Amino acid sequence: MSNAAAVFAAVFIALYVAHSVGDHWVQTSHQAAHKGENDRNPGQSSRTGRLSCTLHVLGLTVTKAVVLIPVVLVLDLPVTTGGIVAGLGIDAASHWWADRRSTLVWLAKVTGKTEFLTLGTPAHPAAPATADGGYAPTLGTGAYALDQSFHHLFLLIAALLIAAV
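Criteria and thresholds
Residues numbered from 1 in each chain as written. Predicted model: local features only at pLDDT ≥ 70, side-chain atom pairs only at ≥ 80, totals over all residues. Heavy atoms only, no water. Helix = DSSP H or I, 4+ residues; strand = E, 2+ residues; numbered from the N terminus. Contact = heavy atoms within 4.5 Å. Expected span 1.5 Å × (residues − 1). Buried < 20%, exposed > 50% of the residue type's maximum accessible area, 1.4 Å probe, protein only. Axes fitted to C-alpha atoms, helices over the stretch in contact; angles between N-to-C directions. Left-handed = near helix turned anticlockwise from the far one by under 90°. Nonpolar A, V, L, I, M, F, W, Y, C, P; charged D, E, K, R; others polar. Core = buried A, V, L, I, M, F, W, Y, C linked by side-chain atoms within 4.5 Å.

Participant: Where do I start with the overall build of the protein chain in this structure?
Facilitator: Tallying secondary structure elements over the protein chain gives seven helices and zero strands in all. The order of helices and strands in the protein chain, counted from the N terminus, is α-α-α-α-α-α-α. When its C-alpha atoms are laid out on the principal axes, the protein chain stretches across 55 × 35 × 30 Å. In the protein chain, of all internal contacts separated by at least 6 residues, the share reaching a separation of at least 24 is 71%.

Printed below as a string of structure tokens:
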């Protein structure tokens, strides 16, 4: 394995773990509930949505840096400050874009994934149901799977930038 491949692998693993921690442990319930708000829906505010999303992405990016920097130092990885800034920057920008929700809904629509997007929700034709026919909430949904896979793509891009720049 080349040195660049080893650096990429170590960086990707660090970012992947930090992403999971930042998205699920660091993000507040308020940020999760409001980061997609926009003025097109009654009772919602674009300002609240943008602020919630920005604070979430800030916490997520700090988490990624806090996990990545010790990995770089302990493993003595030959990365540059510019590479780290570029990688974390593209990751943060793409995460903010996706987490505004309407943007990811748009992407699902233009790629023919609208039905999958609603999987696991009452809007899906095969919604999960309790024994008496009521909605049975689930931990996983199509929207969550699409969201996470989008983020994973940009973790890969970020790791490539960090390893190559």
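Participant: When you look at helix H7 (residues 142-164) in this model, what are you seeing that I'm missing?
Facilitator: An α-helix turns once every 3.6 residues. As a result, residues three or four positions apart point the same way. Spanning 23 residues, H7 covers 33 Å between terminal C-alpha atoms, matching the ideal 33 Å at 1.5 Å per step. Along H7, the residues that are buried comprise Gly142, Leu146, Asp147, Gln148, Phe150, His151, Phe154, Leu155, Ala158, Ala159, Ile162 and Ala163. Contacts from the buried residues of H7 go to helix H1 (3-26), helix H3 (46-75), helix H4 (81-99), helix H5 (102-110) and helix H6 (114-117).

Participant: Looking at this structure, I do not really get the packing of H3 against H4. What am I missing?
Facilitator: Packed helix pairs are specified by the crossing angle of their axes together with the interaxial distance, meaning the distance between the axes. The geometry of H3 relative to H4 is characterised by a closest axis approach of 10 Å and an angle of 145 degrees between their N-to-C directions. Remark: the crossing between H3 and H4 carries right-handed chirality. Contacts between H3 and H4 involve Arg50, Cys53, Thr54, His56, Val57, Leu60, Thr61, Lys64, Ala65, Leu68 and Ile69 from the first element and Ile84, Leu88, Asp91, Ala92, His95, Trp96 and Asp99 from the second. Here the contact of H3 with H4 is built from residues that sort into 10 nonpolar, four polar and four charged.

Participant: Would you mind going over the environment of Leu73 with me for this structure?
Facilitator: Considering the arrangement of structural elements, one finds Leu73 in helix H3. Residues Leu73 and Arg47, spaced 26 residues apart in sequence, show a C-alpha to C-alpha distance of 39 Å.

Participant: Could you clarify how one ought to interpret the nonpolar core in this entry?
Facilitator: Across soluble globular proteins, nonpolar side chains have a tendency to be buried as a group. Counting residues in each nonpolar core, the largest one holds 16 residues, and the members touching the most others are Val11, Leu15, Leu68, Leu77, Val79 and Ile162. Looking at this core, the elements with two or more residues in it are H1, H3, H4 and H7. Ile162 has contacts with Val11, Leu15, Leu68, Val79, Gly83, Ile84 and Gly87, leaving out every residue within four places of it along the chain.

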